[in-house]
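Listed here are the chains, written in short residue letters.
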Amino acid sequence: MAAMVKVAQLGQAVKEVYVEGTVGDALSAAGVTVPPGHGVRVSGRTAELSSAIKDGDIITLVPSVKGGA
């Protein structure tokens with residue numbers, strides 16, 4: 001059964017997709033690619049493109065933050 005997941009990217013509208021499989025499958029269904037320097041989180045946890053998804057997950061593309069003194 002397909003899961004409904006949301007794909008969120010800073011500065012873009014949130015997309016809802018129905019898909020079975022992985023984070024990568026959901027991003028493809030939403031027409032989204034991971035920009036260089038961004039990480040992927042699923043419902044607040046770090047994830048890989050091969051991570052499984054479940055109904056209600058929120059996939060977020062998060063820019064890497066570097067800095068320090």
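Refer to the structure presented above.
Remember, it's a predicted structure, so these values are computed and weren't measured experimentally.

Engineer: Describe in detail the overall build of the protein, supporting the description with residues and values.
Structural biologist: On a plain count of helices and strands, the protein comes out with 1 helix and 5 strands. Walking the protein from its N terminus toward its C terminus, one meets helices and strands in the order β-β-α-β-β-β. What you see for the protein is a C-alpha radius of gyration of 12 Å, in line with the 11 Å of a compact globule of 69 residues. Overall, the protein is about 50 × 20 × 15 Å in size when its C-alpha atoms are taken along their principal axes. When the 69 residues of the protein are sorted by exposure, 29% land in the buried category. Computed over 6 positive and 6 negative side-chain charges, the separation of the two mean positions in the protein equals 11 Å.

Engineer: Explain the nonpolar core to me, and be specific about the residues and the numbers.
Structural biologist: In terms of nonpolar packing, the biggest core is built from 16 residues, with Val-5, Val-23, Ala-26, Leu-27, Ile-53 and Ile-59 touching the most fellow members. Secondary structure elements with two or more residues in this core: strand S1 (3-9), strand S2 (15-19), helix H1 (23-30), strand S3 (38-42) and strand S5 (58-63). When near neighbours in sequence (up to four residues on either side) are disregarded, Ala-26 contacts Val-5, Val-7, Val-17, Val-19, Ile-53 and Ile-59.

Engineer: Outline the environment of Val-7, listing residues and values.
Structural biologist: Here Val-7 lies in strand S1. Each residue touching Val-7, except ones within four places of it in the same chain, is listed here: Ala-13, Val-14, Lys-15, Ala-26, Leu-27, Ala-30, Val-32 and Ile-59.

Engineer: Please set out the side chain of Asp-57 residue by residue, giving values where relevant.
Structural biologist: Structurally, Asp-57 can be placed in the loop between strand S4 (45-46) and S5. Note on Asp-57: relative accessible area 4%, which makes it buried. There is a polar contact of 2.8 Å between the side chain of Asp-57 and the backbone nitrogen of Lys-54. In this structure Asp-57 touches Met-4, Val-5, Lys-6, Val-42, Ser-43 and Ala-52, once residues within four positions along its chain are discounted.

Engineer: Quick one: what's the story with the pattern of salt bridges, residue by residue and with numbers?
Structural biologist: As enumerated under the stated definition, the model contains 2 salt bridges in all. Two residues, Lys-6 and Glu-16, come together in a salt bridge whose shortest N-O distance is 3.9 Å. With Lys-6 in strand S1 and Glu-16 in strand S2, this pair connects stretches of sequence that are 10 residues apart. Measuring nitrogen to oxygen at the nearest pair gives 3.2 Å for the salt bridge that ties Lys-54 to Asp-57.

Cut-offs applied
Residues numbered from 1 in each chain as written. Predicted model: local features only at pLDDT ≥ 70, side-chain atom pairs only at ≥ 80, totals over all residues. Heavy atoms only, no water. Helix = DSSP H or I, 4+ residues; strand = E, 2+ residues; numbered from the N terminus. Rg over C-alpha atoms; globule rule 2.2 N^0.38 Å. Buried < 20%, exposed > 50% of the residue type's maximum accessible area, 1.4 Å probe, protein only. Lys, Arg positive; Asp, Glu negative; His and termini not counted. Charge placed at Lys NZ, Arg CZ, Asp CG, Glu CD. Core = buried A, V, L, I, M, F, W, Y, C linked by side-chain atoms within 4.5 Å. Contact = heavy atoms within 4.5 Å. Polar contact = N/O pair within 3.5 Å; in protein donor to acceptor, adjacent residues only side chain to side chain. Salt bridge = Lys/Arg side-chain N within 4 Å of Asp/Glu carboxyl O.

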